Amino acid sequence: MTEFRRDPIAGRWVIVNHEEQIDPKEFSMLYPAVQKVNQDKCFFCPGKEWATPKEVYAYRPDGSPADAPGWKVRVVPNKFPALVIEGDIDRRPVGLYDMSNGVGAHEVIIETPDHNQTLADLSFEDMAEVIKAYRARLLDLKHDKRFKYMLIFKNFGLSAGASVEHDHSQIIALPMVPKNVHEELLGAERYFKYRERCIFCDLWQQEKQEAERIVYENSQFITFCPFVSRFPFEMCIMPKEHMSCLAELSDNALTEFAKALKDALKRLQTLLNNPPYNFVIHIAPVQNEYSEEKEYYHWHVEIMPRISRVAGFEWGSGFYILPGSPEESAKMLKQVIW
Amino acid sequence: MPELRRDPVVGRWVIISQERSKRPKDLIVEINNDSANVSPACDFCDNRNEYKEIVSLRDPNNKEKFYVMVVPRKNHLLKIEGEVNRKGRGLYDIMEGVGAHELVIETPEHTLNMADLPLEQIDKVFSVFTMRIKELSTDNRLKYVMIYKNYTPDISKNTILHSRSNIMAMPVNPKRVKEKLAGAKKYYEYHERCVFCDIIRQEKEMGVRLIEENDDFVAISAFAGRFPFEMTILPKAHNADFHHCPPEKFRNLSAILKSVLLKLKVGLNDPAYSIVLFSAPFRRGYLSRPSSSLNEDFHWHIEIMPQLTRTAGFEWGSGFYINPMPPEDAAEFLKNIEVGL
């Protein structure tokens, strides 16, 4: 029996197929396990700092100078940016179309100096340093008044869109709010206006009550397979405390987030044999004193393993077909011992 | 300088990245020889009796011979029996998987790419689409019929070696369709003109994104396309519903579709692609009210999306796309490919 499920925030419908048994082993036939083969050509490795644009942030426990080896986390502008940092936005029409210059920031967060290490394999402490880099960059980019939104994401493995195999995540600062975020904001605002509660706070509490989709929980964070997942083994990590942006994390909460993120990535890696994946950190747009987003938006992470092919139907309709059910995905992920 | 462009209908922003810009030949698909040794069987031909015919177009002189046939999809996800049974569970909305999930076998022969079908065969495919939409529209539980096609030249991934499309009839309107409807309605409310008619007019005037045109249709490279070589085919005459398109126009539709598909095949070395047909939903609920402007504000069209680049995660997460191929360059490239139609 299949059923339609609707995402309460974005309004998207997904077909969930209960009858289909999903077997992680079968999925791993569909994609090659992510492997690292090009260390000698890598420009993200220590000793090649000259090959990247100058760093904008680094964690250097040994106090080494900028753009030299000795770092544990390093943030540099993307050498092939999708957006450029200089210039005015210059919004203008072309007949009925709207366009503007591609002004924005596009930076790369190199998560580890070790070419062969993956983000999932970092220690909690090192993972926390990566998240501190995210936090620092968000706080810094916020000062540029041209930017309205900061998007942090990671593409792991070729089929997830990574073009460099050395583990890294990316941050893009945009002069407008992306569509999916805008839709989430609208959905959350609608709910808040009527109930005067945050929909995300209600959502994780319902998940906790129903329990069958919970994968992991610690004092500050909860990880679950969303009721309306688009992909098998999709996960969401959410702070339990209401917080609109990752930049608001205290050091203590940041450590708990590092634990939750590592846990989720380890479970994926173990269950699905190092699959390609993407994660996206959803945060509220850059706010001013009049913004209300702080009250109704709640930051969270979406982790999407890229193990099933997405075809034209999904593109065209925004309508997804999920093999298996999120409940079953959660059960398998929960059983993983890493 | 890269550009940010906004889709005038759904409001999606796309980065047209000239810094990362690629020439068409950088995107040409490499031939994968791995599958050349495999000779997979065609499930439709081999297990013919497992596919129960729903409807078909046959040779009037030889009833044994079919031109186009509609069959239920094996492992269909939606079933036609039962009630929709909408219910809530806490925050969440759920309903039963009621609907239709069908395959349109577009040719009796093992021709995989629709580009290689003769024009009169493609005409027949369109008449079968029309028949199915009309038939499904009488079912009051259904709101939308999505017709789409996923083509891949890799025969090891195909279980049926015939060009085919999928029909999915649903009790809800899909999200992207709703967005298009909302955008078109908003534009109409202010301008009292159809946004798609305005797009056609502007694209014909500017010319830089126009790929092909005949008496009844235009094929354009979308101003804010998400993918390299993304194309849209629009009928010049305003019409909200595909199934109201006069059958005598099918020949021109077949001609323009075949031509652009051949251009992809020749110019980019037979890439995989998807096609989605967007038509107005059935007039249920508020759409059935006389005050609804759906007939005036929406305009059916076809989107063709070649699969040449990998979509990275943030595009899924944000709905924000990076297209490394400026749509004007794509149009220029495709326009100059001779396919001799």
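Caption draft 1: Quick look at the overall build of chain B. Scanning chain B from N- to C-terminus turns up eight helices and 15 strands. A compact globule built from 341 residues should have a C-alpha radius of gyration of about 20 Å, and chain B, at 20 Å, falls within 12% of that. Projected onto its principal axes, the C-alpha positions of chain B cover 60 × 55 × 45 Å. Contacts spanning at least 24 positions in sequence make up 73% of the contacts within chain B whose residues lie at least 6 apart.

Caption draft 2: Structural view of the overall build of chain A. Looking only at helices and strands, one finds eight helices and 15 strands in chain A. A compact globule built from 338 residues would reach a C-alpha radius of gyration of about 20 Å, and chain A, at 20 Å, matches this within 12%. Principal axes of the C-alpha set define a box for chain A whose edges measure 60 × 45 × 45 Å. Expressed as a percentage of the 338 residues in chain A, the buried residues total 51%.

Caption draft 3: How the structure looks around the interface of chain A and chain B. Facing the 55 residues of chain A at the interface are 54 residues of chain B. The residue makeup of the side of chain A that touches chain B, split by class, is 29 nonpolar, 18 polar and eight charged. Bridge count for strand E6 (residues 97-101) of chain A against strand E1 (residues 3-6) of chain B is four bridges, and the pairing is antiparallel. Across the sheet, residue A:Asn101 finds its bridge partner in E1(B), namely B:Glu3.

Caption draft 4: Region of the structure containing the packing of helix H2 (residues 124-141) of chain A against helix H5 (residues 251-272) of chain A. Residues and elements named next belong to chain A. Here H2 crosses H5 at 110°, and the two axes come no closer than 8 Å. Overall, the two elements H2 and H5 adopt an arrangement that is roughly perpendicular. Relative to H5, the crossing made by H2 is right-handed. For the pair H2 and H5, the contacting residues are Phe124, Met127, Ala128, Ile131 and Lys132 in the first and Leu254, Thr255, Phe257, Ala258, Lys259, Leu261 and Lys262 in the second. A breakdown of the residues in the contact of H2 with H5 according to their chemical character gives eight nonpolar, one polar and three charged.

Caption draft 5: Expanded view of the confidence of the model for chain B. Residues and elements named next belong to chain B. With 91% of its residues at a pLDDT of 70 or more, chain B shows a mean pLDDT of 88. Here residues 32-37 scores under 50 on pLDDT; set against residues more than four positions off or in separate chains, the count is four contacts. Reported confidences for the modelled complex are a pTM of 0.89 and an ipTM of 0.84.

Caption draft 6: Fine view of unusual backbone geometry. Of note, A:Asp67 is a non-glycine position whose phi angle comes to about 55°, a positive value. Checked against the element boundaries, A:Asp67 lands in the loop between strand E3 (57-59) and strand E4 (73-77). Judged by C-beta crowding, with 15 C-beta atoms within 10 Å, A:Asp67 ranks as partly exposed. In the Ramachandran plot, B:Asn269 falls in the positive-phi region, its phi being about 65° despite a non-glycine side chain. With respect to the helices, strands and loops of the structure, B:Asn269 is situated in the loop between helix H5 (250-267) and strand E13 (273-278).

Caption draft 7: Spotlight on the sheet that holds E13(B). All names here are of chain B. On the basis of which strands lie adjacent, the open sheet formed by ten strands has the order E3-E4-E7-E9-E8-E13-E14-E12-E11-E10 and antiparallel pairing. Edge strands, defined here as strands with exactly one partner in the open sheet, are strand E3 (55-59) and strand E10 (210-213). Along the sheet, successive strands turn relative to each other by an average axial angle of 20°, direction set aside. In the sheet, strand E4 (residues 62-72) pairs with strand E7 (residues 100-105) via four bridges, with the strands oriented antiparallel. In the strand pairing of E7, Val70 is matched with Val104. Along the sheet, helix H8 (residues 327-335) makes contact with E10 and strand E11 (217-221), crossing E10 at roughly 40°.

Caption draft 8: Examining the environment of A:Gly63 more closely. Checked against the element boundaries, A:Gly63 lands in the loop between E3 and E4. A:Gly63 sits 163 residues away from A:Pro226 along the chain, and the two C-alpha atoms are 42 Å apart.

Caption draft 9: Highlighting the pairing of strand E2 (residues 13-16) of chain B. All names here are of chain B. Residues of E2 alternate between two faces, with Trp13 and Ile15 on one and Val14 and Ile16 on the opposite face, all of them buried. Linking E1 to E2, which pair antiparallel, is a turn of six residues; within it Gly11 sits at a positive phi near 80°. Direction of pairing for E2 relative to strand E15 (residues 321-323): parallel, over a ladder of three bridges. Residue pairing for E15: Val14 is matched across the bridge by Tyr321.

Caption draft 10: Examining the confidence of the model for chain A more closely. Of all residues in chain A, 96% have pLDDT values of 70 or greater, and the mean over the chain is 89. Within chain A, the element-level pLDDT minimum falls on helix H7 (residues 312-317) of chain A, averaging 64, and the maximum on strand E11 (residues 221-224) of chain A, averaging 98.

Caption draft 11: Looking closely at H8(B). All names here are of chain B. When H8 is considered as a whole, its buried residues turn out to be Pro327, Ala330, Ala331, Phe333 and Leu334. Projected down its long axis, H8 shows its buried positions confined to an angular sector of 165°, all on one face. On its buried side, H8 packs onto E10, E11 and H5.

Caption draft 12: The arrangement of the sheet that holds strand E10 (residues 214-217) of chain A in detail. All names here are of chain A. A sheet is described by the order of its strands in space; here ten strands give the open sequence E3-E4-E7-E9-E8-E13-E14-E12-E11-E10, paired in antiparallel fashion. If you trace the sheet from one side to the other, it starts and ends with E3 and E10, each paired once. Ignoring strand direction, the axes of neighbouring strands in this sheet form an average angle of 20°. Examined bridge by bridge, strand E13 (residues 277-282) and strand E14 (residues 300-305) share six bridges and lie antiparallel to one another. Note on E14: the bridge partner recorded for Ile281 is Val301.

Caption draft 13: Region of the structure containing the environment of A:Glu241. By the element assignment, A:Glu241 lies in the loop between strand E12 (235-239) and H5. When the C-alpha atoms of A:Glu241 and A:His143 are compared, they prove to be 26 Å apart, with 98 residues separating the residues in sequence.

Caption draft 14: Structural context of the packing of helix H2 (residues 119-136) of chain B against H5(B). All names here are of chain B. Taken N-terminus to C-terminus, the directions of H2 and H5 make an angle of 115°; their axes are 9 Å apart at the nearest point. As the angle between them shows, H2 and H5 are arranged roughly perpendicular. Between H2 and H5 lies a crossing of right-handed hand. Touching Leu119, Ile122, Asp123, Phe126 and Ser127 of H2 are Phe250, Arg251, Leu253, Ser254, Ala255, Leu257 and Lys258, all from H5. A per-class count over the contact of H2 with H5 returns seven nonpolar, two polar and three charged.

Caption draft 15: Main features of helix H3 (residues 175-191) of chain B. Residues and elements named next belong to chain B. Between its first and last C-alpha atoms H3 spans 24 Å; for 17 residues at 1.5 Å apiece the expected length is 24 Å, and the two agree. Among the residues making up H3, those that are buried are Lys175, Arg176, Val177, Glu179, Lys180, Leu181 and Ala184. Downstream of H3 by a residue or two, Glu192 has a phi angle that is positive, lying close to 55°.

Scoring rules and cut-offs
Residues numbered from 1 in each chain as written. Chains lettered and ligands numbered in written order. Predicted model: local features only at pLDDT ≥ 70, side-chain atom pairs only at ≥ 80, totals over all residues. Helix = DSSP H or I, 4+ residues; strand = E, 2+ residues; numbered from the N terminus. Rg over C-alpha atoms; globule rule 2.2 N^0.38 Å. Contact = placed C-beta atoms within 7 Å. Buried ≥ 20, exposed ≤ 12 C-beta atoms within 10 Å, placed from the backbone. Nonpolar A, V, L, I, M, F, W, Y, C, P; charged D, E, K, R; others polar. Pairing = 2+ DSSP bridges. Axes fitted to C-alpha atoms, helices over the stretch in contact; angles between N-to-C directions. Parallel < 35°, antiparallel > 145°, perpendicular 65-115°, else oblique. Left-handed = near helix turned anticlockwise from the far one by under 90°. pLDDT = per-residue confidence, 0-100. Arc of directions from axis to C-beta. Expected span 1.5 Å × (residues − 1).

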